[in-house]
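Take a look at the letters that make up each chain.
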Amino acid sequence: MTGKRIIITGGTGFLGTALSTSLAERGDEVVVLTRGAGNDQWDPAAGRLDPDLLADADAVVNFSGAGIGDKRWTDDRKRLILDSRVQSTSLLATTMAAMDSPPAVFVSSSAIGYYGDTGDDVADEDSPPGDDFQARVCVAWEQAAQPAADRGIRVVHPRSGIVLADGEGAFGRMVPLFKLGIGGRLGDGSQWWSWITLRDEVRALEYIIDGNLAGPVNVAAPNPVTNTDLTKAMGEALGRPTILPVPKFALDIRLGKELAASLGYGSVRVTPAKLLAAGFTWTSETIDVALAEVFSR
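A short tour of the structure in this document, coming up.

## Some remarks on unusual backbone geometry
We note that Asp-56 has phi near 65 degrees; this positive angle belongs to a residue other than glycine. Inspection of the secondary structure assignment puts Asp-56 in the loop between β4 (48-49) and β5 (59-62). Classification of Asp-56 as exposed rests on a relative accessible area of 69%.

Structure representation (structure tokens):
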């Protein structure tokens, strides 16, 4: 039992729920801050956060933010995606910075979308940001945590890859098609997808909370795959055919061109250089092992 007191914002999503459960099982006290009508203690849009909510916390983990791929990217939706991340992160960071005894660590979420479309190039934590919408969001999101870092708090930005979980997240929305035998590669399938199982994502976040890593940390398995290879592995894991490719124009119509390019056929090939150097180990390092785990649960 570690006995830490850990505050989680945005903790009702599938990743926050999984982390909260795991932390509680190992003996931590987990407090999930939720927003809602009439909540005058935690309301990022209104700039309200009662510092007492963070008192005696060892760590704060922030998952707050509107879903990237939940809806088409209209101008209003893009503004909500950006503002919901920056406002919550900035409020937490400035509140902690003003505390006499702030939490020791602030885990402020980010994503591998920071790098934009990398093509076949491999990005590590020192690689520059991209210039598309998701990259600009990630840059602003990470910058919003700077007041906490200036205060001396250890700030970590887990740049998470595609989290593999059956029925959850962007990957989970693909699974039913593959189970029906109508899943297939997206576009020409040459784009790189950097992935991690939900189990390893949670383990990596716990490793980050407990350790001494700081700054951006790529949270992904060490072996990214092309969309073609992922599609083949999905078919083999589920025992289903994967012969129906999804052409770009169909994805453009379904999601809108900008969202489709970012999440569907954009290529993000990263290496988890910091986790590798720190000695972190994955339970699933290859896509075949990962999918066997995902679909056995």
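## Quick notes on the environment of Thr-118
Structurally, Thr-118 can be placed in the loop between β7 (110-111) and β8 (122-123). Owing to a relative accessible area of 14%, Thr-118 belongs among the buried residues under this scheme. Taking C-alpha positions, Thr-118 is 28 Å from Gly-167, a pair spaced 49 residues apart along the chain. Beyond its immediate sequence surroundings of up to four residues, Thr-118 is in contact with Ala-123, Ser-267, Val-268 and Arg-269.

## Topic: the packing of aromatic side chains
Here the structure, examined in full by the defined rule, presents four aromatic pairs. Geometrically, the ring pair formed by Tyr-114 and Tyr-115 is edge-to-face, given 5.3 Å between the ring centres and 80 degrees between the ring planes. The same class applies to Tyr-114 and to Tyr-115, which are both buried. Three or more aromatic residues link up through ring pairs in this structure, and these residues are Tyr-207, Phe-280 and Trp-282.

## Describing a nonpolar patch on the surface
Where nonpolar side chains cluster on the molecular surface, the patch consists of Leu-177, Leu-180, Ile-182, Ile-243 and Leu-244 and spans about 510 Å² of accessible area. Taking relative accessible area as the criterion, Leu-244 reaches 44% and is therefore assigned partly exposed.

## Quick word on the pairing of strand β2 (residues 29-33)
Here five bridges tie strand β1 (residues 5-9) to β2, and the two strands are oriented parallel to one another. Paired with Ile-7 across the two strands is Val-31, which belongs to β2. Read from β1 through helix α1 (residues 14-25) to β2, the crossover connection turns out right-handed.

## Details of the side chain of Glu-201
Tracing the chain through its elements places Glu-201 in helix α6 (residues 198-210). Despite its burial, Glu-201 pairs with no opposite charge, the nearest such side chain being Arg-203 at 11 Å. Those residues in contact with Glu-201, other than ones at most four positions away along the chain, are Leu-15, Ser-160, Val-163, Ile-196 and Val-219.

## Considerations on the pairing of strand β13 (residues 215-219)
Most of β13 sits out of view: five of its five residues are buried. The pairing of strand β9 (residues 154-160) with β13 spans five bridges and is parallel. Bridge pairing in β13 links Ser-160 to Val-219.

## A word on the nonpolar core
In this structure, Leu-19, Val-61, Leu-164, Ile-287 and Leu-291 are the most contacted members of the largest nonpolar core, which totals 45 residues. Per-element accounting of this core gives the leading share, five residues, to α6. With residues near it in sequence (within four places) discarded, Leu-164 still touches Phe-171, Trp-195, Ile-196, Thr-197, Leu-198, Ile-287, Ala-290, Leu-291 and Val-294. One finds Ile-7, Trp-42, Ala-93 and Met-96 within the second-largest nonpolar core, a separate group that totals 18 residues.

## Here's the deal with the pattern of salt bridges
Under the definition given, this model contains ten salt bridges. Note that Asp-210 and Arg-26 form a salt bridge whose closest N and O atoms lie 2.7 Å from each other. On the criterion of sequence distance, the pair formed by Asp-210 in helix α6 and Arg-26 in the loop between α1 and β2 is long-range, its members being 184 residues apart. Judged by its relative accessible area of 37%, Asp-210 is partly exposed. For Arg-26, a relative accessible area of 18% corresponds to the buried category. Taken together, the shared-partner salt bridges in this structure form one network comprising Lys-4, Arg-26, Asp-28 and Asp-210.

Conventions adopted
Residues numbered from 1 in each chain as written. Predicted model: local features only at pLDDT ≥ 70, side-chain atom pairs only at ≥ 80, totals over all residues. Heavy atoms only, no water. Helix = DSSP H or I, 4+ residues; strand = E, 2+ residues; numbered from the N terminus. Buried < 20%, exposed > 50% of the residue type's maximum accessible area, 1.4 Å probe, protein only. Contact = heavy atoms within 4.5 Å. Phe/Tyr/Trp six-rings, centres within 6.5 Å; stacked < 30°, edge-to-face > 60°. Patch = residues over 30% accessible without salt bridge, like charges linked within 9 Å, V, L, I, M, F, W, Y side chains within 5 Å. Areas by Shrake-Rupley, 256 points an atom, 1.4 Å probe, with all protein chains shown as cover. Salt bridge = Lys/Arg side-chain N within 4 Å of Asp/Glu carboxyl O. Pairing = 2+ DSSP bridges. Right-handed = clockwise from strand over helix to strand, strands pointing away. Lys, Arg positive; Asp, Glu negative; His and termini not counted. Core = buried A, V, L, I, M, F, W, Y, C linked by side-chain atoms within 4.5 Å.

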